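# A look at the structure
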Amino acid sequence: MKLEQVKDIIRDVYDFPTKGIVFKDLTTAFKDPAAMKVIGATLNERYKELGVTKVVGIESRGFIGASILAYELNAGFVPVRKPGKLPADTLKMSYSKEYGTDTIEIHRDAITPDDVVVLHDDVLATGGTMMAAYELVKSMNPKKIYINFIIELSFLKGRDVFPADVDVNSLIVY
Ligand code: AMP
């Protein structure tokens, strides 16, 4: 299977979670073994030479791709979660997104200055969620931060919220 075929498998769900949103449903790709393989292989190919030590996944759909990439790269996995879910001491950040506002947290000891980090989420919409995660991780002073998505909704121009020098990569662009 090719990445273009994964694009064909991803399901559009209209008016979810609210009216007017076309939700990109990746569960139809995640349940397909060949699609999972090509997603894993493409992610690995993109990041394997970059000395990545931690892959940060954004709750909850970002956990899937981030875990695959962490495993492929022999890197660690770090969760960014909704408030009150992480058990130990956390850093927090609030942000606005395509449908509402939210807060995310990361464990305060999750990233060290020795780390090279990939931040991963399933979908780039307005970029608010990932920008909050980027700021959280940046405040922990890692050596380098890369940003990755499986899907980018380019018409929402979410990419523009990130500083120009940050490497932002998406597997599939709509
Ligand atoms: P944003 O902060 O606007 O970039 O929103 C990104 C987050 O919301 C990601 O975690 C996505 O899972 C989810 N999301 C936003 N819009 C969509 C969409 N149209 N389809 C699927 N997921 C979306």
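It should be noted that the structure appears before, not after, this text.
Residues numbered from 1 in each chain as written. Predicted model: local features only at pLDDT ≥ 70, side-chain atom pairs only at ≥ 80, totals over all residues. Heavy atoms only, no water.

## What to know about helix α3 (residues 33-47)
Taking 1.5 Å per residue, 15 residues should reach 21 Å; α3 reaches 22 Å between its end C-alpha atoms and fits that length. Within α3, the full set of buried residues consists of Ala35, Val38, Ile39, Gly40, Leu43, Asn44 and Tyr47. Measuring from the side-chain oxygen of the N-cap residue of α3 to the backbone nitrogen of alanine 34 gives 2.9 Å; that N-cap residue is aspartate 32. (Helix = DSSP H or I, 4+ residues; strand = E, 2+ residues; numbered from the N terminus. Expected span 1.5 Å × (residues − 1). Buried < 20%, exposed > 50% of the residue type's maximum accessible area, 1.4 Å probe, protein only. Polar contact = N/O pair within 3.5 Å; in protein donor to acceptor, adjacent residues only side chain to side chain.)

## Observations regarding the sheet that holds strand β9 (residues 167-173)
One open sheet holds the five strands; their spatial order is β4-β3-β7-β8-β9, and the pairing between them is parallel. Each having just a single partner strand, β4 (76-80) and β9 make up the two edges of the open sheet. Adjacent strand axes in the sheet meet at a mean angle of 20 degrees when their direction is disregarded. For strand β3 (residues 54-58) and β4, the ladder comprises five bridges, and the chain directions are parallel. Along β4, the bridge assignment pairs lysine 54 with glycine 76. Helix-sheet contacts for α3 involve β7 (116-124), β8 (144-152) and β9, and the interaxial angle to β9 is about 155 degrees. Each of β3, β7 and β8 touches helix α5 (residues 128-138); the most contacted strand, β7, lies at about 165 degrees to it. (Pairing = 2+ DSSP bridges. Axes fitted to C-alpha atoms, helices over the stretch in contact; angles between N-to-C directions. Contact = heavy atoms within 4.5 Å.)

## Things to note about the environment of arginine 81
Relative to the helices and strands, arginine 81 is located in the loop between β4 and β5 (90-97). Residues arginine 81 and aspartate 15 lie 66 residues apart in sequence; the distance between their C-alpha atoms is 25 Å. Sequence-distant contacts of arginine 81, defined by excluding residues within four places in its chain, comprise Glu59, Phe63, Leu86, Thr103, Ile104 and Glu105. There is a polar contact of 2.9 Å between the side chain of arginine 81 and the side chain of glutamate 59.

## Some words on the packing of α3 against helix α4 (residues 62-73)
Between α3 and α4, the least distance of the axes is 9 Å, while the angle of their chain directions is 60 degrees. Comparing the axis directions of α3 and α4 gives the class oblique. In this structure, α3 meets α4 at a crossing whose hand is right-handed. Contacts from Met36, Gly40, Leu43, Asn44 and Tyr47 in α3 reach Ile64, Gly65, Ile68, Leu69, Glu72 and Leu73 in α4. (Parallel < 35°, antiparallel > 145°, perpendicular 65-115°, else oblique. Left-handed = near helix turned anticlockwise from the far one by under 90°.)

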